[in-house]
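# Descriptive analysis of the structure
Below, each chain spelled out in residue letters.
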Amino acid sequence: EKQAGESGFVRVAADGGFVRGDGTPIRFWAVNTEVGRAPFVRKPLGPAAAPDLARHARFLAKRGVNMVRLHRQLSPDLTTTPHAAITDINLAERDGIWRSVAAMRAEGIYTTLSPYWAGPMKFAPGWGIAGGAAQPAWGMLFFDSTLQHAYKAWLRQLLVPKNPYTGIALAQDPSLAIIQIQNEDSLLFWTLDAIKGAQRDALEARFADFLRREHGSLAHAVARWGSDRVDAQTLAAGRAPLVPIWELTQTPNPRRAIRHADQTEFLARTMFEFNRDIVRYLRDELGVKTFVNAGNWKTASAARLNDAERWSYTAAEVDAVNVYTAGAHKGRYEGWAIVEGDTFTNVSALRDSRLLPLAIKQTAGRPMLVTEGNWVMPNAYAAEGPFLVAAYSSLLGSAGYYWFSTGDEGFAAPGSANGYLPSQGKWLFGTPELLGSFPAAALAYRRGYLARGEPVVHEPRAMGDLWARSTPAIVENTSFDPNRDAAGAAAADAHSAAEAAAFLTGPVQQKFGSGSAHRIALPATRDLQAPIRSNTGQIVLDAARGFCTVDAPRVQGVAAHFGSAPSHTLSAVKFESSNAYGAALAVSMDGLP
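Rules behind the numbers
- Residues numbered from 1 in each chain as written.
- Predicted model: local features only at pLDDT ≥ 70, side-chain atom pairs only at ≥ 80, totals over all residues.
- Heavy atoms only, no water.
- Core = buried A, V, L, I, M, F, W, Y, C linked by side-chain atoms within 4.5 Å.
- Buried < 20%, exposed > 50% of the residue type's maximum accessible area, 1.4 Å probe, protein only.
- Helix = DSSP H or I, 4+ residues; strand = E, 2+ residues; numbered from the N terminus.
- Pairing = 2+ DSSP bridges.
- Contact = heavy atoms within 4.5 Å.
- Axes fitted to C-alpha atoms, helices over the stretch in contact; angles between N-to-C directions.
- Phe/Tyr/Trp six-rings, centres within 6.5 Å; stacked < 30°, edge-to-face > 60°.
- Lys NZ or Arg CZ within 6 Å of the ring centre and 35° of its normal.
- Right-handed = clockwise from strand over helix to strand, strands pointing away.
- pLDDT = per-residue confidence, 0-100.
- Salt bridge = Lys/Arg side-chain N within 4 Å of Asp/Glu carboxyl O.
- Parallel < 35°, antiparallel > 145°, perpendicular 65-115°, else oblique.
- Nonpolar A, V, L, I, M, F, W, Y, C, P; charged D, E, K, R; others polar.

## Comments concerning the nonpolar core
- Ranked by size, the top nonpolar core spans 139 residues in total, and within it W29, L159, Y392 and W403 carry the most contacts.
- Tallying contributions element by element places helix α8 (residues 257-285) first for this core, with eleven residues.

The structure is reproduced here in structure tokens:
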């Protein structure tokens, strides 16, 4: 499209993929961008001039990008407006969002909006937040009514007024394709245990109310828990105590099975009900037509809790997760920068397919997005990234992968991560081996040159199984974040390692509730060192020799550690290299074989 949304609002097809307003299938090759977010400040080691937002949009479009994600924070900035009310919006952020949507829209690029993250959320003493201003915000948006009221006020101030740069309110702008309710938060993650004091009391009071509704009375519910000891003082105060999240990650204990199931259901339903309320508010009160994604986070246990998390997303229309590919990196500024003297390890998904960031279970009929991902620097094997994302997103039917991130108008010139420290930025994709490979990979993926596979697993998940935390047929790897997880954590789960071949063969689906039969067609081999061919016949990954090939009429290519596999003869093209490592794609530009 010359202008994003010119054919109407993006819709969901029966197979869970996206279509444009005119019914044409659309896949999103996407990036996270910070360009134009804040006023430009000249820094000693930074660029000499502000990035040109309009040129940035043209630059991205030329390289195949058709979706951006704006990961922003609508809550008041207390450093610049210390006397703001909790319902005031961050005006600078709103203006940046409006400008970005307009610039991207003009170049045929859709927008995903992520307006809130608990991580940077700060409270003012006068806002009346139970528990005080110093506490972290993790989990609070799911149940704290004061914060929820403010969040709705921020959304109204962002979405309802006319965008001065387009003349259309975001609520009515079809180029705004997806609204993400919040980023990286869950009541089923380890941060549950960080909810303390008055907020903990409030959550446990809600748990007690849930138990009364489900079981008639709090006393009857606790009696069902059997010999499990419960603090009498907490019960007398009208609260039901929550066990630490660690207990929900373990093999179900018959003695505490009922209590654990009650708590799991309560936490999941609390998130589901909040998500449903926000979707209703957006639709019925603000008139928003854009699709909604409820969340993109992981849980304390992929095997025990992930399915309950994904079920809580079904209150909205789109699913998502954040997944990174990275090795170890140790250094003084390891969270955000690379400096001389740092140490690191290189990792390659060609050698260990458990690192593939697209190995994600999908809820049947629903789009699945990776809203943050990258082969995170430092890593010598990033060139495989665009190749593998295009190949396996196509095979598995993923609706979009969002590279994280950029603050540069074009390519990211090396020099400084923050404009002051001699360093290399860590969280970026604007390098030759990544961004330089976008055009071919994006073209092949967006035009559907590689076929979607038939599901190898279709598993119905009864709600009782979710609350009992029973292990599903296939467990995806724990999504990896190098700032939070130990190096290699994504590849450490032996259970998922034995089944990783499934994701290399075809889609793995689940469906919540009854009435859908199992369908399991796992590959003949689960030896991850043996060559594994997709059930489309178009993709082969050979971890032992370290290469992946794609071979279809309109796209052929190879990503390889060429030392052990220097030559690859495909249907129409032969690839040969004396390099130690690399990736190459030949893609039809006229749509013909």
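## Description of the sheet that holds strand β21 (residues 532-533)
- Ordered in space as β21-β22-β23-β24-β27, the five strands form an open sheet in which the pairing is antiparallel. The open sheet has two edge strands, β21 and β27 (582-587), and neither has a second partner.
- Here two bridges tie β21 to strand β22 (residues 539-542), and the two strands are oriented antiparallel to one another. Residue pairing for β22: R533 is matched across the bridge by V540.
- Across the face of the sheet, helix α10 (residues 384-396) comes into contact with β22, β23 (547-552), β24 (555-560) and β27 while running at roughly 55° to β23.

## Remarks on the packing of aromatic side chains
- Summed over all chains, the structure comprises 29 aromatic pairs.
- With centroids separated by 6.2 Å and ring planes inclined at 45°, the aromatic side chains of W29 and W403 adopt a geometry described as tilted. You can see W29 sitting in strand β4 (residues 28-33) and its partner W403 sitting in strand β15 (residues 400-406), a full 374 residues away along the chain. The same class applies to W29 as to W403, namely buried.
- Within the aromatic cluster, the residues linked to one another by ring pairs are W29, W375, Y401, W403, F429, F438 and Y445.
- Directly above the ring of F59 sits R63, whose terminal nitrogen or CZ lies 3.7 Å from the centroid.

## Brief notes about the sheet that holds strand β18 (residues 457-461)
- What the four strands build is an open sheet, ordered β13-β19-β18-β20; its pairing is mixed. Lying at the two open borders of the sheet, with one neighbouring strand each, are β13 (362-363) and β20 (519-520).
- Two strands pair when backbone bridges link them, and β18 and β20 are joined in this way by two bridges, in the antiparallel orientation. Bridging across to β20, V457 finds its partner in I520.

## Some details on the pairing of strand β5 (residues 67-71)
- Summarising burial for β5: five of the five residues are buried, a large majority.
- Looking at chain direction, β4 and β5 are connected through three bridges and run parallel. Bridge pairing links V31 to V68 in β5.
- Tracing the backbone out of β4, into helix α1 (residues 53-62) and back to the parallel element β5 gives a crossover that is right-handed.
- Pairing between β5 and strand β6 (residues 110-114): five bridges, direction parallel. Along β6, the bridge assignment pairs H71 with S114.
- Once you follow β5 into helix α2 (residues 91-106) and on to β6, the crossover reads as right-handed.

## Comments concerning the confidence of the model for the chain
- Summary statistics for the chain give a mean pLDDT of 94 and a share of 96% for residues scoring 70 or more.
- A low-confidence stretch, residues 488-495 stays under pLDDT 50, and its non-local contacts, those more than four residues away or across chains, total eleven contacts.

## Some words on the pattern of salt bridges
- Counted under the stated rule, the structure contains 26 salt bridges.
- For E93, the salt bridge goes to R37, with nearest N and O atoms at 2.5 Å. In this pair, E93 sits in helix α2 while R37 sits in the loop between β4 and α1, placing the two residues 56 residues apart along the sequence.
- Given the relative accessible area of 7%, E93 is considered buried.
- For R37, a relative accessible area of 24% translates into the label partly exposed.
- Of the charged contacts, one joins R269 and E265 as a salt bridge, the two residues approaching to 2.8 Å between their closest N and O atoms. Separated by four residues within a single helix, R269 and E265 lie in helix α8, roughly one turn from each other.
- On the basis of relative accessible area, R269 is assigned to the partly exposed category, the value being 26%.
- Judged by its relative accessible area of 11%, E265 falls in the buried class.
- The structure contains a network of salt bridges with shared partners spanning K152, R156, D277, R280 and E285.

## A look at the packing of α10 against helix α11 (residues 438-446)
- Contact geometry for α10 and α11: axes closest at 9 Å, N-to-C directions at 0°. By the angle between their axes, α10 is roughly parallel relative to α11. The segment α10 lies against α11, with P386, A390, S393 and S394 engaging F438, A441 and Y445.
- When grouped by side-chain class, the residues that make up the contact of α10 with α11 number five nonpolar, two polar and no charged.

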